[in-house]
Amino acid sequence: MSLPDINQLNKRFGSAGRIAFRAGAGGLPVAALAGPHGACEVSLYGGQVLGYKPLGHAPVLFVSRKAWHEIGKPIRGGIPVCWPWFGAHPAEKNKPAHGFARLQMWSMLTAEYSAQMTDIKLGLCDSESTRALWPHAFDLTLRVILDTTLRVELTTRNCDKAPVTISEALHTYLLVRDVAHTTVLGLDGVRYFDALTGQEHAAQKGAVHVHGETDRVYHDTNPECRVDDAGLGRQIVVAKRNSHSTVVWNPWIEKSKRMSDFGADEYPQMLCVETANARQATLTLPPGEQHTMALSLRADLKTT
Ligand code: BG6
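Residues numbered from 1 in each chain as written. Predicted model: local features only at pLDDT ≥ 70, side-chain atom pairs only at ≥ 80, totals over all residues. Heavy atoms only, no water.

Comments concerning the pairing of strand β9 (residues 150–158)
Filter applied, for reference: Under the scheme applied here, a residue whose accessible area is under 20% of the maximum for its type counts as buried, over 50% as exposed, and between as partly exposed, the area being computed with a 1.4 Å probe on protein chains only. Strands are runs of DSSP state E lasting at least two residues, helices are runs of H or I lasting at least four, and both sets are numbered from the N terminus onward. Two strands form a pair only when DSSP identifies at least two bridges running between them.
In terms of residue burial, β9 counts as a mostly covered element, since seven of its nine residues are buried. With nine bridges joining them, strand β8 (residues 138–146) and β9 adopt antiparallel strand pairing. By the bridge assignment for β9, Thr 141 is matched with Thr 155. Here β8 folds back onto β9 in antiparallel fashion, the turn holding three residues.

See below:
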């Protein structure tokens, strides 16, 4: 996999003060976006948002200090793109977890800005390496729009002659002060699958509290939930479109110790609230059709 030339990227897509490219950790290319309402960073490797800082707020996204920044390995943090399957491959467990989009170098397609908004689009198409894992022609785009919120839109276009089946997630790692004092609001009464026990549950009771390893797929979720971070005194509003699942994940103590790209003491500082189409929300796209799943993140300070 070759690395794009940073100077060329800056010449073609850069705009002083708004969009710039640089070599990030591990030498991997990163697009830095700035606007009147904040800043964000997007890795071309993985098509992965790595940071988001709304003006006047603490950073919103978590990246592990032990994250790999190496081609062939996923980056632990930010917003990895899980595609074209979420979790383990449905049939072949030796294929990469969460698909291959987070392991590919994406191309820069467009970069634009206006007074209020900074907007870039990245693309990924099938290649010999993707067809070896998933034998389909596709066109995937990731649009990242920075204005008063951070919006991320993942569009799948089926370029194949046959229908394709996908599951997907924008696997958002939120940075929190202390996960034990953080709750997820907006999932009350929602059915969920508990990946730790393999059981379906009829309804979430009240807010989601995290007091141990948590790995759940909520079904038919509302278009908005809020992550209430008592320690930081803020709420992150996670709003979404064309996403029917919300995944809530925290590895807690024992799993953290088993993950070589995650600090054993880092689990209190993160909570994944993932915008997804997984399990029963897996979707089939006819040839030539496209589908966009979108996410927006907004930080709100709380007074109570
Ligand atoms: C979550 C899954 O989405 O991602 C968990 O529900 C999984 O089961 C977690 O452990 C992290 O996955 P990975 O492949 O990035 O280690």
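Once you've had a look at it, read on.
Re the nonpolar core
In summary, soluble globular proteins display a tendency toward joint burial of nonpolar side chains. Defined as follows: Within this scheme, the nonpolar core is defined by two criteria: the residues are buried Ala, Val, Leu, Ile, Met, Phe, Trp, Tyr or Cys, and they are joined through side-chain atoms within 4.5 Å. Any two residues having at least one pair of non-hydrogen atoms within 4.5 Å are treated as being in contact.
Formed by 75 residues in total, the largest nonpolar core has its most connected members in Trp 83, Leu 150 and Leu 297. If we ignore the near neighbours within four places in the chain, the residues touching Leu 150 are Cys 40, Val 49, Tyr 52, Ile 79, Val 144, Ile 145, Leu 295, Ser 296 and Leu 297. In terms of nonpolar packing, the next biggest core, distinct from the first, is built from eight residues, Phe 193, Val 217, Val 247 and Ala 278 among them.

What about the state of the cysteines?
Defined as follows: Only a pair of cysteine sulfur atoms within 2.5 Å qualifies as a disulfide here.
The final tally for this structure, using the stated rule, is zero disulfides. Note on Cys 225: no disulfide assigned, nearest cysteine sulfur contributed by Cys 272 at a separation of 12 Å. Left unpaired, Cys 272 is separated from the closest cysteine sulfur, that of Cys 82, by 9.1 Å.

Structural notes on the sheet that holds strand β2 (residues 29–35)
Note the threshold: For helices, the fitted axis covers only the stretch in contact; all axes are lines through C-alpha atoms, and the angles between them, taken along N-to-C directions, range from 0 to 180 degrees.
Spatially, β1-β2-β3-β4 is the arrangement adopted by the four strands of the open sheet, whose pairing is antiparallel. Strand pairing shows two members of the sheet lacking a second neighbour, β1 (19–23) and β4 (48–54), which therefore form its edges. Each neighbouring strand pair of the sheet contributes to a mean axis angle of 20°, computed without reference to strand direction. For β2 and strand β3 (residues 38–43), the ladder comprises six bridges, and the chain directions are antiparallel. Within β3, the residue paired with Val 30 across the bridge is Ser 43.

Concerning the environment of Thr 246
Operational definition: Counting of polar contacts relies on pairs of N or O atoms within 3.5 Å, with two restrictions inside protein: one atom must be capable of donating a hydrogen and the other of accepting it, and residues adjacent in sequence are counted only when both atoms are side-chain atoms.
One can find Thr 246 in strand β20 (residues 245–250). Once residues lying within four places of it in the same chain are set aside, the contact partners of Thr 246 are Leu 187, Arg 216, Val 217, Tyr 218, Thr 221, Lys 240, Val 273 and Glu 274. In terms of polar contacts, Thr 246 uses its side chain to reach the side chain of Thr 221, at 3.1 Å. At 2.9 Å, the side chain of Thr 246 and the side chain of Lys 240 are in polar contact.

A short note on the packing of aromatic side chains
Our working rule: When the centres of two rings from Phe, Tyr and Trp lie within 6.5 Å, Trp using its six-membered ring, the rings pair. Their planes under 30 degrees apart give stacked, over 60 give edge-to-face, and anything left gives tilted.
Per the stated rule, a full pass over the model turns up 13 aromatic pairs. Consider the rings of Tyr 192 and Tyr 218, whose centres lie 4.9 Å apart with planes at 40°: the pair is tilted. Of this pair, Tyr 192 sits in strand β14 (residues 192–194) while Tyr 218 sits in strand β17 (residues 214–219); the two residues are 26 residues apart in sequence, bridging distant segments of the chain. We note that Tyr 192, like Tyr 218, is buried. Ring pairs connect the aromatic residues Trp 83, Trp 85, Phe 100, Trp 134 and Phe 138, which therefore count as one cluster.

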